[in-house]
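Next come the chains, spelled out residue by residue.
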Amino acid sequence: MAAGTHIEIDRARIKELIERETALLNERTEGSRAYYERARQSLVGGVASSYQLRDPWPIYLSHGKGAQVWDVDGNEYLDFHNGFGAMVQGHAHPAITKAVTERIELGTHFAAPTEDAIVVGEELTRRFGLPQWRYVNSGSEATMDAIRIARAATGRDTIVKIFGSYHGHHDYVMVSIGVEYDRIGDRFELESLPYGLGIPQAVADMTVPVPFNDAEAMERRIERLVEEGRPPACVIMEPAMMNLGVVLPEAGYLEAVREITRRHGMLLIFDEVKTGLCIAAGGAVERFGVQPDLVTLAKALGGGLPSGAIGGTAEAFELVEAGKVVQVGTYNGNPLSMAAARASLLEVLTPDAYAHLDALNDHLLAGCQMVIEKYSFPGYSVGLGSKGCVTFSPETITDYTSFKANQDAELCELAWLTNMNRGVFMTPGREEEWTLSVTHTFEDCNRFIQAFEEMADDLTA
Ligand SMILES: Cc1ncc(COP(=O)(O)O)c(C=O)c1O
């Protein structure tokens, strides 16, 4: 966690290095620039999703194998982005490639269940200790359906989420994310702010945000909602926040949330779209030992194919089973995705794979921490399982407010540029963490550490 004393970084020097590294990256990615010029004629902003935007142009990739990816200019990178954390298996893993290739020959879509869907359900039950599962095609669908199930189960409309947390792009949860520091407000009275245009305030108002790592604030807010005659159906939360770098739950917090939700007759939804399958076989449920009523999965589930899942207790799924909650989707349990998920769960993400990810991450976190201490940098390394980051903040970040107050956006920008120019592919933007894959090696992690040290050296030269 955050170290005691640290140097003041010269802001002019950061700007100078950002300029230098930007010029270098632009020079190395002329092919991407050409793709961008072409792409923007038909794709809005030249990309398929606004999360792929980057100024002055996105880096277009051609292929990936194992821990590496290549851009359209032929530049090779070690991939620490891993498709926003979906590719913990590494790219084109032979076991997944084989399963998908075999499945293609047998037909790729029926909208009828296949054996692979059963096997995946059995394995998820074993990993998460939740007996009932349904499939969807993305994390957004998973959280949307989980919330609907919770609302039906409780007969209540209001929901509680963590301020600053991302749970996908549907209206229920596009609330109170990406808010500027001076708009955050009182932690006991956080506002329901639509994230972007097109989200009705009436819908946003049904989603009430509370701060992470503060069980007291959560309980006070829930009590007030009860007094106002709008008791909440559920709390939806990431057990460890993964969209502000990595923010770990403090000791006792998740247990307290479990107790509060139970006492108020609410369901607890752990959104494990990022943590599930990536920080342990049974995700945060296994890692922290707190059992929610519902779990949502996506990203790493499909080994690179679109997929998602909702797991829950028999009680939580009762109304789905009875046909009273309509949980549906043409592509749910798609045979190709299920074949990939089966191979991933049974052949790739094995106990040895998780041990390897833990060892790699320990090595990478320790290496980054050593650089931080050597240069007395304002920051700390933090992570879990395959995920981690360097948080550029003099203080430990515990929630959205402390993140906004302390995180150094310019340093994040410089770190991203430095990495990209040294063959380390990372997520553009300041709020993401790395995801290691089972195909990464200790040498790969050393390359990340070296790039980080080069930046520290340049900044303090
Ligand atoms: C915690 C969490 N939940 C849900 C989602 C939405 O997933 P998708 O982009 O697959 O819809 C994300 C995506 O980043 C996420 O991080």
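Residues numbered from 1 in each chain as written. Predicted model: local features only at pLDDT ≥ 70, side-chain atom pairs only at ≥ 80, totals over all residues. Heavy atoms only, no water.

## Brief notes about the packing of aromatic side chains
A complete count under the given rule lists 13 aromatic pairs for this structure. With centroids separated by 6.1 Å and ring planes inclined at 85°, the aromatic side chains of phenylalanine 377 and phenylalanine 452 adopt a geometry described as edge-to-face. Highlighted residues: phenylalanine 377 in the loop between helix H13 (351-374) and strand S11 (380-384) and phenylalanine 452 in helix H16 (residues 442-460), separated in sequence by 75 residues. What makes phenylalanine 377 buried here is its relative accessible area of 2%. (Phe/Tyr/Trp six-rings, centres within 6.5 Å; stacked < 30°, edge-to-face > 60°. Helix = DSSP H or I, 4+ residues; strand = E, 2+ residues; numbered from the N terminus. Buried < 20%, exposed > 50% of the residue type's maximum accessible area, 1.4 Å probe, protein only.)

## With respect to the site of the ligand
If you check the shell around the ligand, you find Ser138, Gly139, Ser140, Tyr166, His167, Gly168, Glu238, Asp271, Val273, Lys274 and Lys299 and nothing else. A distance of 2.6 Å is found between an oxygen atom of the ligand and a side-chain nitrogen or oxygen belonging to serine 140. Aspartate 271 is positioned such that a nitrogen or oxygen atom in its side chain is 2.6 Å from a nitrogen atom of the ligand. Isolated, the ligand exposes 380 Å² of accessible area, and the fraction of that covered by the protein chains is 84%. A breakdown of the residues in the shell around the ligand according to their chemical character gives two nonpolar, five polar and four charged. (Near = heavy atom within 4 Å. Polar contact = N/O pair within 3.5 Å; in protein donor to acceptor, adjacent residues only side chain to side chain. Areas by Shrake-Rupley, 256 points an atom, 1.4 Å probe, with all protein chains shown as cover. Nonpolar A, V, L, I, M, F, W, Y, C, P; charged D, E, K, R; others polar.)

## Brief notes about empty space enclosed by the protein
This model, assessed by the stated rule, comprises two cavities of 30 Å³ or more. Roughly 270 Å³ of internal volume is contained in the largest cavity. Along its surface, the largest cavity is lined by 20 residues, and Val390, Phe392, Ala415, Asn419 and Met426 are the ones closest to its centre. The set of elements that each furnish at least two residues to the lining of the largest cavity consists of strand S12 (387-391), helix H15 (409-421) and H16. A total of five residues in the lining of the largest cavity trace back to one element, the largest contributor, which is H15. The class makeup of the residues in the lining of the largest cavity is 12 nonpolar, six polar and two charged. When its volume is computed, the second largest cavity comes out at roughly 40 Å³. Lining the second largest cavity are Phe163, Ile184, Leu190, Pro211, Phe212, Asp399, Tyr400 and Thr401. (1 Å grid on protein atoms, 1.4 Å probe; cavity = no way out; pocket = protein on both sides within 12 Å on 5 of 7 lines; lining within 4 Å. Points joined across faces, edges and corners; volume = space filled by probe spheres on them.)

## Looking at unusual backbone geometry
Residues aspartate 55 and proline 56 are joined by a peptide bond in cis, for which omega reads 5°. Structurally, proline 56 can be placed in the loop between helix H2 (30-39) and strand S1 (61-65). Non-glycine residue phenylalanine 84 carries a positive phi angle of around 55°. In this structure, phenylalanine 84 sits in helix H3 (residues 82-85).

This is a description of form; function is not addressed.
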